[in-house]
Amino acid sequence: MITFIHTGDLHLGLQFRSMKFDSNNRRYELWHTFERIVNMAVEEEVDFLFIAGDLFEESYFTLKDIRRVKGILSKAEKVEILIAAGNHDPLNKNSLYYSIKWPENVTIFGTAGIEKKEFPHKNTAVFGYSWYKGEIEEDPFINFQGIDKEKINILLIHGDALTRDEKYLPLDSKYLQSLGFDYIALGHIHQPTIISEKMAYCGSPEPLSFKETGDHGIIKGAIENKKTNIDFIPFSSRTFKEENIILDGSFSYGQILDKIRKIDSKEHLGKNFYRVTLKGLVSPEERIVASHMEKDLSSDFYYIEIIDETRVDYDLDALEGEYKDNIIGYFIREMKKRDLDDEINRQALYLGLEALMKGRVGL
Ligand SMILES: [Mn+2]
C-alpha cells in the first residue's frame, strides 16, 4: 500500500493587490498552511506529497522565499515530494526552482513531455509534467509511452480538465482516465473537485478570493491492490463566504446590523471573510451607507464587505399628494401609467425619484 497527500495552488507570495483585507497577514497564512501540510505529511508518515503546480507566484517570489520553501520541505526527509510546475511558477531557465539545490527526496518534473520517476521499493511510478511558460497549448502526451500495469501509477499535472481552456493546457479527462492511472493529481482549478475516485483537483488549500468560497483543503489518499481511496480534508485557516440579505423597508439601521451579525456564529464571524449583499427595500430614513455599516460591524467581523443593492422604499401616494403641483408629482403620475411590476420601469421610477428628491434636499 502507498499513502499520499495531494496539494497545489498554494500561490505563496501572492500580493492580493485588489483586496481590501490585510494582504500581508494573508500571505503569512499561506506560508503557515503550507507548513502545516508538510507537517501533516511527516506526522502521518505518508509515502508521497504531490504538489500540482502554482506552488508560488513567480513574479513576486525571491531567492529568500524559495529558500524558505526548501527549509519547510526539508523537514519531510522521509516523504517523497514531487512537484509539477504550473502557470504561476513555470519552470524555465530563469526559474527560482533552479536557483537552489533541492534535497534528494524532492523531484521537480521537467518540461519536455510527460516524465516518469520510479520508486522501485514502493513499486510505484509517478508521471508528471511542468509548465515552462504562462500559457501552454501543446499536448505533453504526444510521446507518452503508457504505463506498466504491474505497478502503482500516478500522474501529477497542472491543467484545465473542466472548461478545457485552450491556453491553460486543456486536459481531456476521458482520455486521461483511459490511460489506466491509479490516481491523477490535478492542479489549476482552485475549487476542490473530485472528478472520480482516481482523479481530482485538490483546490487551493487556502482560498484566495471571494471566487473561492466554501471548504478548501487537501486530498489524502491510499492505493492498495489496485484500489484507490481519496478523502478531501478541509484544511484552510479561513473561508470566504457570500450572503444575500433581503430587506423590506421596515427595518431600522440597528435591526439591519443585527440581521448581518446573525449570518453566522460569533466564532465564524471572527475568523472568515464575509461579503454581504443587501437587497430589497429600505425606508428613506435608513438609506445604506456601506462604508459606515462596515465600520459599525468591524468589531464583530474579522472581515466584512457590504454591497448595497437596496432601493429606497418611497410611499408613492403620499409623495404624489405632497408634491402634486411640482415635477415630483408629475413624474410619479407619469410613471404610474406604466407597468411598475416591470423591473426596468420600477428602476427608472426609483432612480428618477432619488435624483429629484436629492435635488429637493439640495435646495
Ligand atoms: Mn492556481
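Residues numbered from 1 in each chain as written. Predicted model: local features only at pLDDT ≥ 70, side-chain atom pairs only at ≥ 80, totals over all residues.

Asks: Please clarify how the overall build of the chain should be interpreted in this entry.
Replies: Secondary structure summary: the chain contains nine helices and 16 strands in total. In terms of C-alpha radius of gyration, the chain reaches 27 Å, well past the compact-globule figure of 21 Å for 363 residues. Expressed as lengths along the three principal axes of its C-alpha atoms, the size of the chain is roughly 90 × 40 × 40 Å. Taken across its 363 residues, the chain has 35% of its residues classed as buried. For the chain, the proportion of contacts with a sequence separation of at least 24, taken over those separated by at least 6, is 70%. (Helix = DSSP H or I, 4+ residues; strand = E, 2+ residues; numbered from the N terminus. Rg over C-alpha atoms; globule rule 2.2 N^0.38 Å. Buried ≥ 20, exposed ≤ 12 C-beta atoms within 10 Å, placed from the backbone. Contact = placed C-beta atoms within 7 Å.)

Asks: Could you clarify how one ought to interpret the pairing of strand 5 (residues 115-119) in this entry?
Replies: Regular strands place side chains that alternate from one sheet face to the opposite one. Taken together, the five bridges between strand 5 and strand 6 (residues 124-128) define a ladder with antiparallel strand orientation. Paired with glutamate 115 across the two strands is glycine 128, which belongs to strand 6. What sits between the antiparallel neighbours strand 5 and strand 6 is a turn of four residues, in which asparagine 123 has the positive phi angle 50 degrees. (Pairing = 2+ DSSP bridges.)

Asks: So what exactly am I meant to see when it comes to the domain arrangement of the chain here?
Replies: Structurally, the chain comprises domain 1 (2-234) and domain 2 (240-362). Taking only C-alpha atoms, the centre of domain 1 and the centre of domain 2 are 45 Å apart. (Domains from an automatic or database assignment.)

Asks: I'm lost on the pairing of strand 1 (residues 2-7) in this one. Help?
Replies: Strand direction decides the pairing type here: strand 1 and strand 11 (residues 217-224), joined by five bridges, are antiparallel. Looking at strand 11, one finds that phenylalanine 4 is bridged to glycine 221. As judged from the four bridges shared by strand 1 and strand 2 (residues 48-51), these two strands associate in the parallel manner. Of the residues in strand 2, the one forming a bridge with histidine 6 is phenylalanine 50.

Asks: What is the right way to look at unusual backbone geometry in this model?
Replies: The general pattern is negative phi for most residues beyond glycine and trans for most peptide bonds. The backbone of aspartate 54 shows a phi angle near 55 degrees, a positive value even though the residue is not glycine. Along the chain, aspartate 54 falls in the loop between strand 2 and helix 2 (63-73). On the neighbour-count criterion, aspartate 54 (26 C-beta atoms within 10 Å) is buried. The phi dihedral of histidine 188 is positive, around 125 degrees, even though this residue is not glycine. Position of histidine 188 relative to the elements: it lies in the loop between strand 8 (183-187) and strand 9 (193-196).

Asks: I tried to follow the environment of cysteine 202 on my own but got confused; where do I start?
Replies: Its location among the elements puts cysteine 202 in the loop between strand 10 (199-201) and strand 11. By C-beta crowding, cysteine 202 is classed as buried, having 30 other C-beta atoms within 10 Å. Note: C-alpha distance between cysteine 202 and isoleucine 218 (16 residues apart in sequence) is 5.4 Å. Ignoring anything within four residues of it in the chain, the contact list for cysteine 202 reads His6, Thr7, Gly8, Ala52, Pro192, Ile218 and Ile219.

Asks: It is not clear to me how the sheet that holds strand 3 (residues 80-83) should be interpreted in this structure. Could you clarify?
Replies: For sheets, the rule is that strands pair by backbone hydrogen bonds, running either parallel or antiparallel. Within the open sheet, the six strands sit side by side as 4-3-2-1-11-12. Their pairing is mixed. Edge positions in the sheet fall to strand 4 (106-108) and strand 12 (227-234), since each has one partner strand and no second. Ignoring strand direction, the axes of neighbouring strands in this sheet form an average angle of 20 degrees. Looking at chain direction, strand 3 and strand 4 are connected through three bridges and run parallel. By the bridge assignment for strand 4, isoleucine 83 is matched with isoleucine 108. (Axes fitted to C-alpha atoms, helices over the stretch in contact; angles between N-to-C directions.)

Asks: Would you mind showing me how to read the nonpolar core here?
Replies: Soluble globular proteins: nonpolar side chains tend toward being buried together. In this structure, Leu49, Ile83 and Leu156 are the most contacted members of the largest nonpolar core, which totals 66 residues. Setting aside residues up to four positions removed in sequence, leucine 49 forms contacts with Ile5, Ala41, Ala76, Val79 and Ile81. (Core = buried A, V, L, I, M, F, W, Y, C linked by C-beta atoms within 7 Å.)

Asks: For this particular structure, what's the right way to read helix 1 (residues 23-43)?
Replies: Spacing of three or four residues puts side chains on the same side of an α-helix, whose turn is 3.6 residues. The end-to-end C-alpha distance of helix 1 is 30 Å, a good match for the 30 Å that 21 residues give at a rise of 1.5 Å each. Of the residues making up helix 1, those classed as buried are Leu30, Thr33, Phe34, Ile37, Val38 and Ala41. Seen end-on, helix 1 carries its buried residues on one side only, within an arc spanning 135 degrees. The outward face of helix 1, more than 90 degrees from its buried face, is lined by the exposed residues Asn24, Asn25, Tyr28, His32 and Glu43. Looking at the buried residues of helix 1, the elements they touch are strand 1, strand 2, helix 2 and strand 11. (Expected span 1.5 Å × (residues − 1). Arc of directions from axis to C-beta.)

Asks: What is the right way to read the sheet that holds strand 7 (residues 152-158) from this model?
Replies: The strand order 5-6-7-8-10-9 describes an open sheet built from six strands, whose pairing is mixed. The sheet is open, and its two borders are formed by strand 5 and strand 9, each paired with just one other strand. For this sheet, the mean inter-axis angle between neighbouring strands, taken without regard to orientation, is 15 degrees.

Asks: I'm lost on the packing of helix 4 (residues 253-261) against helix 6 (residues 290-297) in this one. Help?
Replies: Two quantities define a packed helix pair, namely the angle between the helix axes and the distance between the axes. Between helix 4 and helix 6, whose axes approach to 11 Å, the crossing angle comes to 60 degrees. One way to sum up the angle between helix 4 and helix 6 is to call them oblique. The chirality of how helix 4 crosses helix 6 is right-handed. Where helix 4 abuts helix 6, its residues Leu257, Ile260 and Arg261 lie against Met293, Asp296 and Leu297. Partitioned by chemical class, the residues of the contact of helix 4 with helix 6 number four nonpolar, no polar and two charged. (Parallel < 35°, antiparallel > 145°, perpendicular 65-115°, else oblique. Left-handed = near helix turned anticlockwise from the far one by under 90°. Nonpolar A, V, L, I, M, F, W, Y, C, P; charged D, E, K, R; others polar.)

Asks: I would appreciate a short explanation of the environment of aspartate 264 in the present structure.
Replies: Tracing the sequence through the fold places aspartate 264 in the loop between helix 4 and helix 5 (266-269). Judged by the 16 C-beta atoms lying within 10 Å of it, aspartate 264 is partly exposed. As for aspartate 264 and tyrosine 274, which are separated by 10 residues in sequence, their C-alpha atoms are 9.8 Å apart.

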